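Examination of the molecular architecture
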Amino acid sequence: MIETLAQRVAEVRARFFPMTLPASVVAHPVDADTLEQIKCIIAPRIFPHDGQLRRFRTPPEREADLQLVRDMYAHRHRERFVLYSPDGEPVGWSYGQMEDYLTFYMHTMGLVPEYRGKGIYTAWLRGLCEYIGALGYERLTSHHQPNNRAVLIGKLKAGWVITGMELDESYGPLVKMAYYTHSDREHGFADVFSMRPPPKRGAQDKRA
Ligand SMILES: CC(C)(COP(=O)(O)OP(=O)(O)OC[C@H]1O[C@@H](n2cnc3c(N)ncnc32)[C@H](O)[C@@H]1OP(=O)(O)O)[C@@H](O)C(=O)NCCC(=O)NCCS
């Protein structure tokens, strides 16, 4: 039997999901249509100011020109999850996709306000990063607006680091963050940026 990539991903996913989180919230993998339906229902409660921001969007007349690129992009490995309350109501979502051969890009995570501040994000980061690491990825990344304290602090506390800043034509200033699924890579991040003392100067060096 030929083992497909999708089957291999599904086998790993089945070891982690459904995933129970604090407040008896359960994260389930979902398909693209389900995610879109749930987003339409709860997005206004999670990102209430979204429509008020001045965001550049692709003009509708250029959408057809983008179709080939979108179709190629759609073949990347993706993960989509909806978080359900104990009574089966959707209370959040999270999704992302492969960024490169080492990296999974965590696109968005959001919870409706009643479910915030209960440690759900902290537990989700732990579980998701473990799952993504089990798939073989060595790094997770994300982008966040610099005044989004909840997500920045939540990620820093969960062991993520700040790796950059981008100025995006649609989203404005964005802080880039990363999480390393192996401690040697995490140590690499610390080592390469540490300010090691310079080598001792020789006796000839008059500046000493
Ligand atoms: C970001 C978000 C998912 C955090 O979820 P959460 O479940 O409330 O987070 P947690 O309860 O796990 O909190 C994690 C840590 O972040 C910190 N934190 C959470 N909310 C905070 C806030 N509003 N201000 C400052 N720090 C905050 C806390 O210190 C907490 O650590 P502690 O438990 O040691 O005190 C949630 O606020 C949310 O859905 N926001 C709207 C959507 C959004 O902005 N998503 C991110 C963009 S992709």
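Below or above, wherever it landed, is the structure these notes cover. This is a predicted model, so every value here is computed, not measured.

**Considering the overall build of the protein chain**
The helix and strand inventory of the protein chain stands at six helices and eight strands. Helices and strands in the protein chain line up, N terminus first, as α-β-β-α-α-β-β-β-α-β-α-β-β-α. Its C-alpha atoms give the protein chain principal-axis dimensions of about 75 × 45 × 45 Å. Residues classed as buried in the protein chain amount to 18% of the 208 residues present. The long-range share in the protein chain, meaning contacts at least 24 apart out of those at least 6 apart in sequence, stands at 58%.

**As for the sheet that holds strand E7 (residues 161-168)**
The strand order across the open sheet formed by eight strands is E1-E2-E3-E4-E5-E6-E8-E7, and the pairing between neighbours is mixed. Among the strands making up the open sheet, the edge pair consists of strand E1 (19-20) and E7. Sheet topology note: the strand E4 (residues 90-98)/strand E5 (residues 103-111) ladder contains seven bridges and is antiparallel. Counterpart to glycine 96 in the pairing with E5 is methionine 106. Docked against the sheet, helix H2 (residues 32-46) engages strand E3 (78-84), E4 and E5, running at close to 125 degrees with respect to E4.

**Things to note about the environment of leucine 5**
Within the secondary structure, leucine 5 sits in helix H1 (residues 5-16). Taking C-alpha positions, leucine 5 is 9.2 Å from histidine 77, a pair spaced 72 residues apart along the chain.

**Overview of helix H4 (residues 120-135)**
Taking 1.5 Å as the rise per residue, H4 with 16 residues should run 22 Å; its terminal C-alpha atoms sit 22 Å apart, in good agreement. When we look at burial in H4, the residues that qualify are Ile120, Tyr121, Trp124, Leu125, Leu128, Cys129, Tyr131 and Ile132. Looking straight down H4, one finds its buried side chains confined to an arc of 165 degrees; they lie on one side. Phi turns positive, to about 115 degrees, at glycine 136, one or two residues after H4.

**Things to note about the packing of H1 against H4**
Helix packing for two helices is described by the angle between their axes and how far apart those axes are. Orientation of H1 relative to H4, taken along the N-to-C sense of each, is 150 degrees, at an axis distance of 10 Å. Accordingly, the angle class assigned to the pair H1 and H4 is roughly antiparallel. Handedness of the crossing formed by H1 with H4: right-handed. For the pair formed by H1 and H4, the contact residues are Val9, Val12 and Phe16 on the first element and Gly127, Tyr131, Ala134 and Leu135 on the second.

**Quick notes on H1**
Taking 1.5 Å of rise per residue, the 12 residues of H1 would be expected to cover 16 Å, and the 17 Å separating its terminal C-alpha atoms lies within 8% of that figure. For H1, the tally of buried residues reaches only zero of 12 residues, placing the bulk of the element at the surface.

**A few points about the site of the ligand**
Taken together, 20 residues lie around the ligand, and Arg116, Tyr121, Thr122, Ala150 and Gly154 are the ones closest in. Put simply, the parts of the chain that give the shell around the ligand at least two residues each are E5, H4 and helix H5 (149-157). Looking at which element gives the most residues to the shell around the ligand, the answer is H5, with six residues. By residue class, the composition of the shell around the ligand is eight nonpolar, eight polar and four charged.

**Examining unusual backbone geometry**
For the bond from phenylalanine 17 to proline 18, the omega torsion is 0 degrees, close enough to zero to count as cis. You will see that alanine 23, though not glycine, has its phi angle at about 60 degrees, which is positive. Of note, alanine 23 is situated in the loop between E1 and strand E2 (26-29). A positive phi is found at serine 24, a non-glycine position, where the angle reads about 60 degrees. Looking at the element boundaries, serine 24 is found in the loop between E1 and E2.

What counts and how
- Just so you know, the residues in each chain are numbered from 1, in the order the chain's sequence is written.
- Two thresholds apply to this predicted model, a pLDDT of at least 70 for residue-level local features and 80 or more for giving and counting side-chain atom pairs, whereas whole-chain, interface and lining totals are computed over all residues.
- We count a stretch as a helix when DSSP gives it H or I for four or more residues in a row; a strand needs E for two or more, and each element gets its number in order from the N terminus.
- Working definition of burial: number of other C-beta atoms within 10 Å of the residue's own, with buried at 20 or more, exposed at 12 or fewer, and partly exposed in between, all C-beta atoms being placed from the backbone.
- Any two residues are considered in contact once their C-beta atoms, placed from the backbone, lie within 7 Å.
- For two strands to be treated as a pair, DSSP must find no fewer than two bridges joining them.
- All axes are obtained by fitting lines to C-alpha atoms, using only the stretch in contact for helices, and the reported angles, taken between N-to-C directions, cover 0 to 180 degrees.
- Expected span of a helix: the number of residues minus one, times 1.5 Å.
- For this quantity, the arc is that covered by the directions from the helix axis to the C-beta atoms.
- Our angle categories are set so that under 35 degrees counts as roughly parallel, over 145 as roughly antiparallel, 65 to 115 as roughly perpendicular, and the remainder as oblique.
- Note: crossing handedness is left-handed where the near helix turns anticlockwise from the far helix by less than a right angle, and right-handed where it turns clockwise.
- By definition, a residue lies near a molecule or strand when the C-beta atom built from its backbone is within 6 Å of it.
- Residues are grouped as follows: Ala, Val, Leu, Ile, Met, Phe, Trp, Tyr, Cys and Pro are nonpolar; Asp, Glu, Lys and Arg are charged; every other residue, Gly included, is polar.

Any link to function would need more than the numbers given here.
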